[in-house]
Amino acid sequence: MSTDKPKGAHTRLVHTGRPKHQYHADLVNPAIERASTILFERAADLYAHKPDQRFYGRMGTATQTALCDAIADLEGAAGMVLTPSGLAACTMALQVVCKTGGHLLVSDSVYGPTRGFLDEVLAKTGIKIEYFDPRAGAALKRQLRDNTCAIFLESPGSLTLEINDLPAIAKMARSRGITTLIDNTWGAGWFLKPLALGIDYSIQAATKYHTGHSDVLMGAIAARDETSAKRMADYARLGGITVSPDDAYLVLRGMRTMGVRLERQEQSALSIAKWFRGRDEVEQVLHPALPEHPDHALWQRDFSGSSGLFSIILKPVPTKKVYAFLDRLELFGLGFSWGGFESLAIHCDPQIRRTANPWTAAGPLVRFSIGLEDVDDLIADIEAGLEELD
Ligand SMILES: Cc1ncc(COP(=O)(O)O)c(C=O)c1O
């Protein structure tokens, strides 16, 4: 970049991850370099491990490196590892930081499949898993043990939208040598910079906002410092964790427009969330950017904005009425995942699993991922759907 003046976030998103050293350096986007074998000039070079010598396709080509550079810049990371899905990023990072005999603390609102891995796989390797109230903040100190190895956060939780107090938790963990990790998919590295708040690893399901088009699965683990980055990179290298250059290309292409997509999705989601506040069918709107949200002050302190994902709790109605409401929607797809250009809605109660503080809402929880459609059309669609609740 031309001057030393710090560049704006949108400018950085356009200009990072465009390596000058690639073969096709005149292309705007990095070429898709597909390779398993990488050839060496001389036999003596094969085992010389020179820093600039590419080694084997599993460690990535310029295409994956370009994506790593872009995500690292976004997160303010010292190093990056890409994984084949967002879930794989969570599970790999957890395997790296947990030791047999150790104790792991996990925010109770964590993504269900991450919880499934913890309870059904990691717990069987001699790691004690304990869930905590997502709103515990500094009170989490009471749950720390001598053998606590890591604290896994997700903020906000992607169904119930509680915010973790990241600086308080990072501070208490750091003073005891405990590793902190966060599933930062909601903030996308755009609205939340956990590494700057003292968290060791920021994890993305890049499947969502980075990709933006609901057609690629990808995960990313961004590390705060070189030592933490090396821990993840060593595991990925030894374990053969890799992603295809084609997928890396698509994710990087999606990222170029992530900022503008997110800012539009933010505004549309806020408009719809505010509209829901005035509806008789709705008990509560779960959106941290609304002043009445219990964690609004934390959100305001730590986040620079809000993404397109939020939930509502309906007043109690039979499940078949919730199905009728969702089935009536024409512009919202019914499907898992989120963060794409198209709007989605799901009812979430079958997914909510809590052990630290049971979920006590009387009515059903419905989650919306707001896309790029015109907001008035989305509201009209929801308004028609709500007639099914009468
Ligand atoms: C909060 C959160 N983390 C991680 C994931 C997993 O991402 P992926 O679908 O890429 O495995 C998801 C997917 O829905 C998610 O919502």
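None of the values given here were measured: they were computed from a predicted structure.

Definitions and limits used
Residues numbered from 1 in each chain as written. Predicted model: local features only at pLDDT ≥ 70, side-chain atom pairs only at ≥ 80, totals over all residues. Heavy atoms only, no water. Helix = DSSP H or I, 4+ residues; strand = E, 2+ residues; numbered from the N terminus. Rg over C-alpha atoms; globule rule 2.2 N^0.38 Å. Buried < 20%, exposed > 50% of the residue type's maximum accessible area, 1.4 Å probe, protein only. Contact = heavy atoms within 4.5 Å. Areas by Shrake-Rupley, 256 points an atom, 1.4 Å probe, with all protein chains shown as cover. Pairing = 2+ DSSP bridges. Axes fitted to C-alpha atoms, helices over the stretch in contact; angles between N-to-C directions. Domains from an automatic or database assignment. Buried area = accessible area lost by both parts, 1.4 Å probe. Salt bridge = Lys/Arg side-chain N within 4 Å of Asp/Glu carboxyl O. Polar contact = N/O pair within 3.5 Å; in protein donor to acceptor, adjacent residues only side chain to side chain. Nonpolar A, V, L, I, M, F, W, Y, C, P; charged D, E, K, R; others polar.

Asks: Explain the overall build of the chain to me, please; I cannot follow it from the model alone.
Replies: Secondary structure summary: the chain contains 11 helices and 11 strands in total. Relative to the globule expectation of 21 Å for 390 residues, the C-alpha radius of gyration of the chain, 22 Å, shows essentially globular dimensions. The dimensions of the chain, computed from C-alpha atoms along their principal axes, are 75 × 50 × 40 Å. Counting the 390 residues in the chain, one finds 54% classified as buried. Long-range contacts, defined here as pairs at least 24 residues apart, represent 73% of the contacts in the chain between residues at least 6 apart. Surface exposure of the chain reaches about 17,500 Å², of which carbon and sulfur atoms provide 53%.

Asks: Which parts of the structure should I look at to understand the sheet that holds strand β10 (residues 344-347)?
Replies: Strand pairing in a sheet is mediated by backbone hydrogen bonds. Such pairs are either parallel or antiparallel. Taken in spatial order, the four strands of this open sheet run β8-β9-β11-β10, and their pairing is antiparallel. Edge positions in the sheet fall to β8 (282-286) and β10, since each has one partner strand and no second. Across the sheet, the mean angle from the axis of one strand to that of its neighbour is 20°, orientation sign disregarded. One ladder, built from five bridges, connects strand β9 (residues 309-314) with strand β11 (residues 365-369); its direction is antiparallel. Residue pairing for β11: I312 is matched across the bridge by V366. Running over the sheet, helix α8 (residues 258-277) touches β8, β9 and β11 and is turned about 10° from β9.

Asks: Sorry if this is basic, but what is going on with the domain arrangement of the chain here?
Replies: Where the parts come together, the accessible area they lose is often given as the size of the interface. Parsing the chain into structural domains produces domain 1 (9-101 + 144-152 + 169-255) and domain 2 (258-389). Summarising the inter-unit geometry, the C-alpha centres of domain 1 and domain 2 are found 30 Å apart. Taken together, the contact pairs 20 residues of domain 1 with 24 residues of domain 2. Broken down residue by residue, the surface that domain 1 buries against domain 2 is led by W186, F191 and Y209, which jointly contribute 48%. In this assembly, domain 1 and domain 2 are joined by zero salt bridges. Joining domain 1 to domain 2, the criterion identifies 13 residue pairs in polar contact (both at pLDDT 80 or more). Classifying every residue of the side of domain 1 that touches domain 2 gives 10 nonpolar, nine polar and one charged.

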